[in-house]
Structure formats: structure tokens, C-alpha cells
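Next come the chains, spelled out residue by residue.
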Amino acid sequence: MKHPPAGVFFRGLAMGAADIVPGVSGGTIALITGIYERLLWAIVAADSDALSLALAGRWRALWHRIDGGFLSILLLGILTAIFSLASGIYWLLQHYPQPLWSFFSGLILVSAVLLIRDEVTLNGFDSLAGFTFGVCIAVGAALMPPVSFLAGLPGLFFAGAIAICAMILPGISGSFLLVLMGMYEQVLSAIKTLQIAELFVLAAGCVTGLLLFARLLQHCLQRYRALAMAFLSGVLMGSLVAVWPWRQEVLLNSAEGVITVSRPVLPLAVTGAQLSACLGACLIGCLVVWGMRALASRRGL
């Protein structure tokens, strides 16, 4: 299906904004707005045949093969959101974390419901097992304590390669994996301050991981679509744990000493005004997803 450039650009904006926030996946936005499989096909098309076309100077054929118009507009939207919204979202995370996380909880909740309604039939052992496994993977990732990772430019390269795999997988947040690897603040700082060398190495890691992982994901969707969609919907539903608005810092003993981790808790001590704000933000998130789906379906965006 072809999509108008404006629709692709706004999808890119939404994907870029989602990828900045730990717990929210740009792949989720691509899936619920109907461009997920087209995105995978375009990425997978960057293969040895595409390299041959580039070496032969057949740029028009190469552009058509990799769906260059679609990818370039989508990438423009993603980069526009990342570089323009990074500071604002970081500020919201610092000053209004609960309403922001509530908003993303609404996004994810309705996204999971729509995905299950439209793509998944949980009436067999395989689909139920895939869904349950996806939930367990997402919850386990959300509760996992941060781990040490490589530092400097090598760390950025491998962090980019790993995080980008999650960014195109609905329900698993690349930014959240950066948090788990202890690289989130370094990456966000590089984006905010335009550290060219660091951004170049990060981008190289992202391209490497993307080209390798997209083929595996496309193969799974082609051969085992029902099982793959059940797994992805489970991951999406389980990722609600990662964006739960109310959290408490706890201390855990590890091989590296005592570390601080965040755990979801019930909102027992919040004021009525804060709870109302969070419920309102969650409702807005739900309506945004319903609106995006309805608009995309009605106008063919």
C-alpha cells in the first residue's frame, strides 16, 4: 500500500517522539499506523543486489528497490522529532513524569487492544503460548536491573546496534534497553549537544543492527505470522509494566555492589489532583491512538 508523503512524515514524527522515551517503541507506532511491513520490506531490500546497483551507478533502480521516497520521508520525520523534541520530553520526564508515563500507558494499552483485535486470534495453544511468552519477555525486561556495558565509542556502537533492534520491534523500547545498558544519558547528551563523532558511531551501530535484525523479523512474519503477531501483542501488553507511572526506587545487591532499580508500585499516596491528571493523560493517549487509526483508515494516509 502506498501512503501520501504527509502521512509518512507524521508517522515518522510519532515514531521519533516514541523512540526518545524509555518504555515506548517506534515500532509500535509503525504497527498501529499501518506501515510496519512496508518499513521492513524497505529495510530488507538493502541487500547485496542493492549494493550491486549502487556500485554500477544505477541510482534510480536502487532508489526504487529500497522504496527510497518512503524511507527518506519517514527518516526525515523521525530525525525531526528526535532533535526537536529530545529536550522537551526530557524536561517533562524531570518535572511531570507521572502524567507523561500515563499518556504513554494509554498509547500502549489501546495499541495492544487494537493489535489483538485485528491481527491475533488467541484460541489455540501456539498463539496463547506466544502471547504469554511475549508478556514475560516484556515484564522481565522492565524489571531487569541496569547492567554494565562498554564505555566510549565502542559502547555507543554496540548500544546502537542492540537498541535499534528493539526500536523496530513493537512493544520493546530501544530507549529502555539503553537505560538497561547504562547508555541512555550518554546517547541523549550526544543528541542534545550534537556530538558529531558520537552520533556518527551510534548511527553506524544502528544501521548494522537494523540490516541484520530486519531480515530475521521479516522471515518470522512471513513464515510464522500468526505466532509472531501473538508474540508481539504479548510484548506490547507486557511493556505496560515499563511505563507504569508510579514507581519506587529500591536497592539491590549485585556483583558490582549495591545498585538502585525502579519498581512499579500502587498509587496509594497520590493526591486526587495528580490522579485525575494521570487518568486524563491516559485517556488522551487512548484517544490519540484511536484517532490516528481512524484517520489513517478513513483518509488512506
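Conventions adopted
- Residues numbered from 1 in each chain as written.
- Predicted model: local features only at pLDDT ≥ 70, side-chain atom pairs only at ≥ 80, totals over all residues.
- Heavy atoms only, no water.
- Helix = DSSP H or I, 4+ residues; strand = E, 2+ residues; numbered from the N terminus.
- Buried < 20%, exposed > 50% of the residue type's maximum accessible area, 1.4 Å probe, protein only.
- Contact = heavy atoms within 4.5 Å.
- Areas by Shrake-Rupley, 256 points an atom, 1.4 Å probe, with all protein chains shown as cover.
- Patch = residues over 30% accessible without salt bridge, like charges linked within 9 Å, V, L, I, M, F, W, Y side chains within 5 Å.
- Salt bridge = Lys/Arg side-chain N within 4 Å of Asp/Glu carboxyl O.
- Core = buried A, V, L, I, M, F, W, Y, C linked by side-chain atoms within 4.5 Å.
- Expected span 1.5 Å × (residues − 1).
- Bend = angle between axes of the 7 residues up to and from the residue.
- pLDDT = per-residue confidence, 0-100.
- 1 Å grid on protein atoms, 1.4 Å probe; cavity = no way out; pocket = protein on both sides within 12 Å on 5 of 7 lines; lining within 4 Å.
- Points joined across faces, edges and corners; volume = space filled by probe spheres on them.
- Nonpolar A, V, L, I, M, F, W, Y, C, P; charged D, E, K, R; others polar.
- Axes fitted to C-alpha atoms, helices over the stretch in contact; angles between N-to-C directions.
- Parallel < 35°, antiparallel > 145°, perpendicular 65-115°, else oblique.
- Left-handed = near helix turned anticlockwise from the far one by under 90°.

Turning our attention to the overall build of the chain. Regarding its fold elements, the chain presents 14 helices and two strands. Among the 301 residues that make up the chain, the fraction classed as buried is 44%. When contacts within the chain are restricted to residue pairs at least 6 apart in sequence, long-range pairs at least 24 apart make up 75% of them. When the accessible surface of the chain is split by element, carbon and sulfur atoms take 71% of a total near 15,200 Å².

Among the surface-exposed residues, Leu75, Leu79, Phe83, Leu194 and Ile196 lie close enough to one another that they form a single nonpolar patch of about 490 Å² accessible area. In terms of residue count, the dominant contributor to the nonpolar patch is helix α6 (residues 68-95) (three residues). Along the chain, the position of Leu79 falls in helix α6.

Ranked by size, the top nonpolar core spans 66 residues in total, and within it Met15, Tyr36, Leu74 and Leu178 carry the most contacts. Looking at this core element by element, the count peaks at nine residues for helix α7 (residues 97-119). If we ignore the near neighbours within four places in the chain, the residues touching Leu178 are Ala159, Ala163, Met183, Tyr184 and Val187. By size, the runner-up hydrophobic cluster in this structure holds five residues, among which are Ala45, Ala50, Leu53 and Leu62.

Here α6 is 28 residues long and its end C-alpha atoms lie 39 Å apart, about the 40 Å a rise of 1.5 Å per residue gives. Leu85 marks where α6 bends most, by close to 55°. Elements that come into contact with the buried residues of α6 comprise α1 (5-20), α3 (36-44), α5 (59-65), α7 and α11 (184-192).

Moving on to helix α12 (residues 196-223). The terminal C-alpha atoms of α12, which comprises 28 residues, lie 40 Å apart, in line with the 40 Å expected from a rise of 1.5 Å per residue. Taken together, the buried positions of α12 are occupied by Leu199, Val201, Leu202, Gly205, Cys206, Gly209, Leu210, Ala214, Leu217, Gln218 and Leu221.

This next bit is on the confidence of the model for the chain. Note: predicted coordinates in regions of low pLDDT should not be interpreted at a detailed level. For the chain, mean pLDDT is 79; residues scoring 70 or higher make up 87% of the total. Ranking the elements of the chain by mean pLDDT puts strand β2 (residues 257-264) last with 66 and α5 first with 89.

With that settled, consider the layout of surface pockets. It is a probe the size of a water molecule, rolled over the atoms, that shows where empty space is left. By volume, the largest pocket is sized at about 1,000 Å³. Where the lining of the largest pocket is concerned, the elements lending two or more residues are α1, α3, α6, α9 (152-167), α10 (174-180), α11 and α12. When residues of the lining of the largest pocket are assigned to their parent elements, the largest contribution, nine residues, is made by α6. Along the lines of polarity and charge, the residues of the lining of the largest pocket split into 31 nonpolar, four polar and one charged.

Within the fold, Ala277 resides in helix α14 (residues 272-299). Each C-alpha atom, one on Ala277 and one on Phe103, is 9.8 Å from the other, the two residues being 174 residues apart in sequence.

Attention shifts here to the packing of α1 against α6. Geometrically, a packed helix pair is captured by the angle between its two axes and the distance between the axes. Relative orientation of the contacting elements α1 and α6 amounts to 40°, with a least axis distance of 6 Å. Considering the angle they form, α1 stands oblique to α6. At the point where α1 passes α6, the crossing takes the right-handed sense. Across the interface between the two elements, Pro5, Val8, Phe9, Arg11, Gly12, Leu13, Met15, Gly16, Ala17 and Ile20 from α1 touch Phe70, Ile73, Leu74, Leu76, Gly77, Ile78, Thr80, Ala81, Ile82, Leu85, Ala86 and Ile89 from α6. Of the residues assigned to the contact of α1 with α6, the class counts are 17 nonpolar, four polar and one charged.

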